[in-house]
Amino acid sequence: ADLRDALLCAVGVDDADAVAAVNAAEAEFWRRAAGVTAVGASHEVLAFECGGQQHVSEVCFPAGARGAPSGADMAYMLA
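Everything in this summary refers to the structure shown in the same document.

Regarding the overall build of the chain
Right, on to step 1. Looking only at helices and strands, one finds 4 helices and 2 strands in the chain.
Right, on to step 2. Each helix and strand of the chain, placed in order from N terminus to C terminus, yields the pattern α-α-α-β-β-α.
Right, on to step 3. Scored against the burial criterion, the 79 residues of the chain give a buried share of 8%.
Right, on to step 4. For the chain, the share of sequence-separated contacts (at least 6 apart) that also reach a separation of at least 24 residues comes to 22%.
Right, on to step 5. For the chain, the accessible area works out to roughly 6,700 Å², and carbon and sulfur atoms hold 60% of it.

Rules behind the numbers
Residues numbered from 1 in each chain as written. Predicted model: local features only at pLDDT ≥ 70, side-chain atom pairs only at ≥ 80, totals over all residues. Heavy atoms only, no water. Helix = DSSP H or I, 4+ residues; strand = E, 2+ residues; numbered from the N terminus. Buried < 20%, exposed > 50% of the residue type's maximum accessible area, 1.4 Å probe, protein only. Contact = heavy atoms within 4.5 Å. Areas by Shrake-Rupley, 256 points an atom, 1.4 Å probe, with all protein chains shown as cover.

What follows is the structure in structure tokens.
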């Protein structure tokens, strides 16, 4: 996130081609990171770098199992 912010400041957000190049580089990073998993306590696993300065509200609660989801996640989002 810090690198993305620095790159965007360096190239200027008015340069659409440069912003597209930064976005492509970030997408490639996440493509290469796909499949990397973390196992641990939720406060360790859910702490992540997102795409720059943003206001984020993280919520964690039981939502069933992968094979038998309870739907609580969607009920929360739709409430």
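There is more to say after this.
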